[in-house]
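# Observations on the three-dimensional arrangement
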Amino acid sequence: MAGKDFAPLEFEPLEEAEMCRRASGFYQLMRRRRTVRDFSAAPVPRAVIEDAIRTAGSAPSGANMQPWHFVVVESAEIKRRIRLAAEEEEREFYQRRASEEWLEALEPLGTDAHKPFLETAPYLIVVFLKKFSSGEAGERRKNYYTSESVGIATGMLIAALHNAGVATLTHTPSPMKFLNEILGRPATEKPYMILVAGLPVNGAEVPAIDKKPLEAIAEFI
């Protein structure tokens, strides 16, 4: 294409049997992924977190604007501040904001306003959605398809961490503007999610739930 810089595509064609083997193997890996709420304080190598974020940063995005920013929190003091602020919003949610229908849907999962994992886990990865980026001359440029782009990147981050043997929990207290203040992020960035990352405690249990089968979530036309 005239006037555009392009590079050769790095793509490895695979034999059909290898394609099927990889697809099945990855499914078997990911089907064992579960949301964890009982975290150990055991450390996880920072290099694992760094590579997982690099993986998330390779996600497709609208106009390649890459409208995400990841803040990795290791500090016990900052984790404590985040927990206190999050639990304040969660108490409001469970006591006043949530409808009876919503609370009934959550009941089988055993969740409440108590969020000790925000302090216990070695890492909190706070994902921010950037509404604007800076151009080469420092000018403000609007980002496009931000929710879709950040959602894809976050999914890739979760998969990368699971692949590396790291358990995760997606946590979205509402509202989350306290994260901008605590972490010093600009008002033009929207807190998207707190991803708790670490190792589960020995003997950790998770709700006995199932996922819908293929025929319930997809059709081939």
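Our subject is the structure listed above.
A short tour of the structure in this document, coming up. These figures come from a predicted structure and were not determined experimentally.

## A word on the pattern of salt bridges
Throughout the structure, instances matching the rule amount to 11 salt bridges. Residue K115 is joined to E90 by a salt bridge in which the shortest nitrogen-to-oxygen separation is 3.6 Å. With a gap of 25 residues between them, K115 in the loop between α4 (100-106) and α5 (117-120) and E90 in helix α3 (residues 76-97) connect regions that are remote in the sequence. Each of the two residues, K115 as well as E90, counts as buried.

## Overview of the side chain of R83
Tracing the chain through its elements places R83 in helix α3. Leaving out residues up to four positions away in the same chain, R83 has contacts with H114, K115, P116, L118 and E119.

## A word on the sheet that holds strand β6 (residues 189-198)
Strand order in this open sheet of four strands is β1-β2-β6-β5, and the pairing throughout is antiparallel. The outermost strands of the open sheet, each flanked by one partner alone, are β1 (68-73) and β5 (167-171). Within the sheet, the average angular offset between the axes of one strand and its neighbour, ignoring direction, is 25 degrees. Bridge count between β5 and β6: five bridges; the pairing is antiparallel. Looking at β6, one finds that H171 is bridged to I194. This element, α3, spans β1, β2 (123-130), β5 and β6 of the sheet and lies at about 115 degrees to β1. On top of the sheet, helix α6 (residues 146-163) reaches β1, β2, β5 and β6; it is set at about 10 degrees to β6, its chief contact.

Rules behind the numbers
Residues numbered from 1 in each chain as written. Predicted model: local features only at pLDDT ≥ 70, side-chain atom pairs only at ≥ 80, totals over all residues. Heavy atoms only, no water. Salt bridge = Lys/Arg side-chain N within 4 Å of Asp/Glu carboxyl O. Helix = DSSP H or I, 4+ residues; strand = E, 2+ residues; numbered from the N terminus. Buried < 20%, exposed > 50% of the residue type's maximum accessible area, 1.4 Å probe, protein only. Contact = heavy atoms within 4.5 Å. Pairing = 2+ DSSP bridges. Axes fitted to C-alpha atoms, helices over the stretch in contact; angles between N-to-C directions.

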